[in-house]
Amino acid sequence: MDKQEKRNMIARRVAREFKDGDVVNLGIGMPTLVANFIDGDKKVILQSENGFLGVGPAPEPGQEDPDVVNAGGQIVSILAGGACFDSAVSFGIIRGGHVDATVLGALEVDEEGNLANWMIPGKLVPGMGGAMDLVVGAQKVIIATEHCNKKGEPKILRRCKLPLTATKEVDLIVTELAVIEVTLSGLLLREVAEDSSIEEVKEKTEAELIIPDEVGVLR
Amino acid sequence: MDKQEKRNMIARRVAREFKDGDVVNLGIGMPTLVANFIDGDKKVILQSENGFLGVGPAPEPGQEDPDVVNAGGQIVSILAGGACFDSAVSFGIIRGGHVDATVLGALEVDEEGNLANWMIPGKLVPGMGGAMDLVVGAQKVIIATEHCNKKGEPKILRRCKLPLTATKEVDLIVTELAVIEVTLSGLLLREVAEDSSIEEVKEKTEAELIIPDEVGVLR
Amino acid sequence: MKEIISPGQAAKMVRDGMSVMVGGFMVVGTPTAIVDAVVREGAKDLTLIVNDTGFPEQGVGKMVSADQLKKVIVSHIGTNKITGEKMNNKEIEVELVPQGTLAEQIRAGGSGLGGVLTPTGVGTVVQEGKRVINVDGQDYLLATPLRADVALLKAHKADRAGNLVFRRAARNFNPLMATAADLVIVEVEEVLEIGEIDPDEVVTPGIFVDYLVMGEVQQDG
Amino acid sequence: MKEIISPGQAAKMVRDGMSVMVGGFMVVGTPTAIVDAVVREGAKDLTLIVNDTGFPEQGVGKMVSADQLKKVIVSHIGTNKITGEKMNNKEIEVELVPQGTLAEQIRAGGSGLGGVLTPTGVGTVVQEGKRVINVDGQDYLLATPLRADVALLKAHKADRAGNLVFRRAARNFNPLMATAADLVIVEVEEVLEIGEIDPDEVVTPGIFVDYLVMGEVQQDG
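Residues numbered from 1 in each chain as written. Chains lettered and ligands numbered in written order. Predicted model: local features only at pLDDT ≥ 70, side-chain atom pairs only at ≥ 80, totals over all residues. Heavy atoms only, no water.

Caption draft 1: Region of the structure containing the overall build of chain C. Counting its secondary structure elements, chain C contains six helices and twelve strands. At 17 Å, chain C has a C-alpha radius of gyration in line with the 17 Å of a compact globule built from 221 residues. With the principal axes as the frame, chain C shows a C-alpha extent of 50 × 40 × 35 Å. The buried share of chain C, reckoned over its 221 residues, is 64%. Residue pairs at least 24 apart in sequence account for 72% of intrachain contacts in chain C once pairs closer than 6 positions are excluded. Accessible area for chain C stands at about 7700 Å²; split by element, carbon and sulfur atoms hold 44% of it. Chain C carries 21 positive and 30 negative side-chain charges, and their two centres are separated by 3 Å. (Helix = DSSP H or I, 4+ residues; strand = E, 2+ residues; numbered from the N terminus. Rg over C-alpha atoms; globule rule 2.2 N^0.38 Å. Buried < 20%, exposed > 50% of the residue type's maximum accessible area, 1.4 Å probe, protein only. Contact = heavy atoms within 4.5 Å. Areas by Shrake-Rupley, 256 points an atom, 1.4 Å probe, with all protein chains shown as cover. Lys, Arg positive; Asp, Glu negative; His and termini not counted. Charge placed at Lys NZ, Arg CZ, Asp CG, Glu CD.)

Caption draft 2: Expanded view of the overall build of chain A. Summing up its helical and strand segments, chain A has five helices and 14 strands in all. Relative to its length of 219 residues, chain A is compact, with a C-alpha radius of gyration of 17 Å against a globular reference of 17 Å. Seen through its principal axes, chain A has C-alpha atoms that stretch 50 × 40 × 30 Å. A burial count over chain A gives 58% of its 219 residues as buried.

Caption draft 3: The arrangement of the interface of chain A and chain C in detail. Counting residues at the interface gives 17 residues for chain A and 17 residues for chain C. At the boundary of chain A with chain C, the tally comes to zero salt bridges. At the junction of chain A and chain C, the tally comes to five residue pairs in polar contact (both at pLDDT 80 or more). Secondary structure elements with two or more residues in the side of chain A that touches chain C: β4 (77–84) and α3 (87–95) of chain A. Among the elements that line the side of chain A that touches chain C, the one with the most residues is β4(A), at six residues. Each residue belonging to the side of chain A that touches chain C can be placed in one class, and the counts come to eleven nonpolar, five polar and one charged. (Salt bridge = Lys/Arg side-chain N within 4 Å of Asp/Glu carboxyl O. Polar contact = N/O pair within 3.5 Å; in protein donor to acceptor, adjacent residues only side chain to side chain. Nonpolar A, V, L, I, M, F, W, Y, C, P; charged D, E, K, R; others polar.)

Caption draft 4: The arrangement of the sheet that holds strand β7 (residues 115–116) of chain A in detail. Residues and elements named next belong to chain A. Spatially, β7-β6-β9 is the arrangement adopted by the three strands of the open sheet, whose pairing is mixed. On the outer flanks of this sheet lie β7 and β9 (156–157), each paired with one strand and no other. In the sheet, strand β6 (residues 108–110) pairs with β7 via two bridges, with the strands oriented antiparallel. Bridge pairing links V109 to L115 in β7. (Pairing = 2+ DSSP bridges.)

Caption draft 5: Quick look at the pattern of salt bridges. If you walk through the whole model with that rule in mind, you get 54 salt bridges over all chains. Here K62(D) makes a salt bridge to D36(D), at a shortest N to O gap of 2.8 Å. Residue K62(D) is located in helix α3 (residues 61–65), and its partner D36(D) is located in helix α2 (residues 32–41); the two are separated by 26 residues in the primary sequence. For D36(D), a relative accessible area of 25% puts it in the partly exposed group. A network of salt bridges, in which partner residues are shared, links R13(A), E17(A), K140(A) and E191(A).

Caption draft 6: Structural view of the pairing of strand β2 (residues 45–48) of chain A. Residues and elements named next belong to chain A. Pairing geometry for strand β1 (residues 23–26) and β2, over three bridges, is parallel. Note on β2: the bridge partner recorded for N25 is Q47. Strand direction decides the pairing type here: β2 and strand β3 (residues 52–56), joined by two bridges, are antiparallel. The partner of S48 across the bridge, within β3, is F52.

Caption draft 7: Region of interest: the interface of chain D and chain A. Opposite the 39 residues of chain D that make contact, chain A presents 37 residues. Considering only the surface of chain D that becomes buried against chain A, Q99(D), R168(D) and A169(D) emerge as the three largest contributors, covering 16% of it. Counting every contact that joins chain D to chain A gives two salt bridges. Between R167(D) and D65(A) there is a salt bridge; the shortest N-O distance is 2.4 Å. (Buried area = accessible area lost by both parts, 1.4 Å probe.)

Caption draft 8: Structural detail: helix α2 (residues 32–41) of chain C. Residue and element names in this part refer to chain C. For α2, the set of buried residues is A33, I34, V35, A37 and V38. Where α2 is buried, its residues touch α1 (7–12), β2 (19–22), α3 (61–65), β9 (148–159), β11 (181–192) and β12 (211–214). Just beyond α2, the residue with positive phi is G42, at close to 80°.

Caption draft 9: Focus on unusual backbone geometry. Within the chain, M26(C) stands out as a residue other than glycine whose phi angle is a positive 50°. Examined against the element boundaries, M26(C) turns out to sit in the loop between β2 and α2. Despite not being glycine, D67(D) shows a phi value in the positive range, around 55°. Structurally, D67(D) can be placed in the loop between α3 and β4 (69–74). Judged by its relative accessible area of 43%, D67(D) falls in the partly exposed class.

Taken by themselves, the reported measurements are silent on function.
What follows is the structure, given as structure tokens:
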């Protein structure tokens, strides 16, 4: 699988987590891809934390509206039935638990559901933007990430080492190799990719994994 | 002077306190009368804490809009250039210091600028409504009240005895007998009514009054 | 697409012992058709969170008169003598809250805040039992969040996505309460198709709304 | 009637050492004509309160590049590498704040609150130096109010009373900042006569606005 295939696979699997009527906030980068794979039968309402509900696809060329951009700065559209608001309302929606699920990337995620995805001290300090509020506020926090970092090192750790985005908030981790649920007892391996194995997942995961009797197939 | 003349006199005097461009909130009862006496040359914007700016006079019969009432429940109008908002915004305006002056009645007011105007224990407990926020938030708190209560007892006291609305927030007291400014040193007699005297005011005021060399005429 | 239900169906969702927010300021912006149905259905032991208790024969005042309330959290009861009587007879517990604080408590409940610090009420009886927190030399009272099991609200128009717009002084507590209850039922004068309210003009986004009720159309002037 | 001034006149009101709020999210909703004039006029040692520092050659990023800033209070600097460089070289002090907390701090500053309690940032570096307040068993961080000497904002339309309406995602921090600065200057695409904006459609009431500036009209699509 090339990088793009991996990303599409992750995005496709994440999209299946949503229920009809869910309000979902997709983070910048790979999480944004998830929108392409949401089942048309489900009415999922996308929120953009810069201030609107009802995020739609990029418009036809020539129809771009410079005031209609998502939180990543990409030109999008607002679907009929959408609503615009200020940043306090937007984060009231987020912090108040009115977002059913958020999908975010990770630098590191750990056995307790801790997440680090906003800075690497001395190197990359972009700021947390809306990520800390999203992770604390959303009902379900789904991490969409490649299983290992660019150096091939595990991103799913016993304990995060980088500065945290939030503590104990992650619910599900979806990678190109596995779907892992964060439970009170630890990380539960739910699914393994067809072309991978429990052994490969264990090897590429620093954290302890709980392997249930039945492990599904990630496709 | 009959009761209505007294009330009009107080209202007329209070209205002279406003400057062009002021945002003013008028309390229920006598303070509402003040609107009738605002100089047409001054642009004063009236706020109604139930949710709008630009309170205008009662409409012509037949033009009443049941959704356009002031905080006292009277049918009014909204002037062109007005704006409607929810209760959190309304009290953000009030608490945030964006109201230049509020005019309220009093049961008691004292030398420290403490005000009691919302309850008489065991007797009258209507609730504070928006009064506590208004007294704390408005830049200038003007008390419009008859000098004595129905029993002829002073309302301007050394110390309020009734439960307070707020502490040390009153700036000016206007009655049918006098205009009294609350200063850090105490109550300063600014004006006395033409048909009254400093002696009468002192007699009908429990609080200590500072009498400056020059006392104006209240008309 | 939000379901449009009758006032009676809405009222049946209000069950004994629930906490109920009702929009309105002296009955302006109160969902009177739903409230009337709640009185008919007769749920008991309710905790009502509301700006004021209306009038004895109007708005939530009818719920007071019908002995449906255990407790009221409210800023003003002066327009309804029966509330005061029942308070004095200890038939209803009345918690009086400054209006701006009530608004912030509901907003905090809806937006995931643990509370706000307000200068309002410092040095008054409102301070009793509250935490005082000093910031930069000034004392504030900690106002903690309020939420309810159900909010009964009034809007001017809704679209079928549940987006709401309000009219004049009938807005008041309605948009705040929409964010702070588990179940949100909104009485409206008109239901529009999706797309008929521009996104910039929406005051309350439809994600906050569970059901719509068609009330009577107000006479405008 | 609000006075309509030029971007240059607006920029002259921004003086050395002031705190300045600027609306916008990645330059959408940023008053670029005023910001450009501020760069030309060259005020120094400013404390900027803003969602993000835009791009090196766009929006408030130009103020970063022109060395006009002493400090930035901001949620995100990732789109402008120069901010990060100047932060690492200690040329600019950067205070990173979660976006929702920043919004509440500005709202608190504008609405007379002593602060709000937010769960965001608990257990992270954001907690450092903050007061932790426990309510009902949950820890929250106290976010204190933010105000500024001047707010430079962008709206879609204003009427001559200063009432503002915003467009799409260009609303963002603008309505909040309008409440929280001593001097509020708003760049708009169009100025209407009083009465041309219905009171129900006003987002920011004119009482918050001191001056209007005519910016360039955005091309819609």
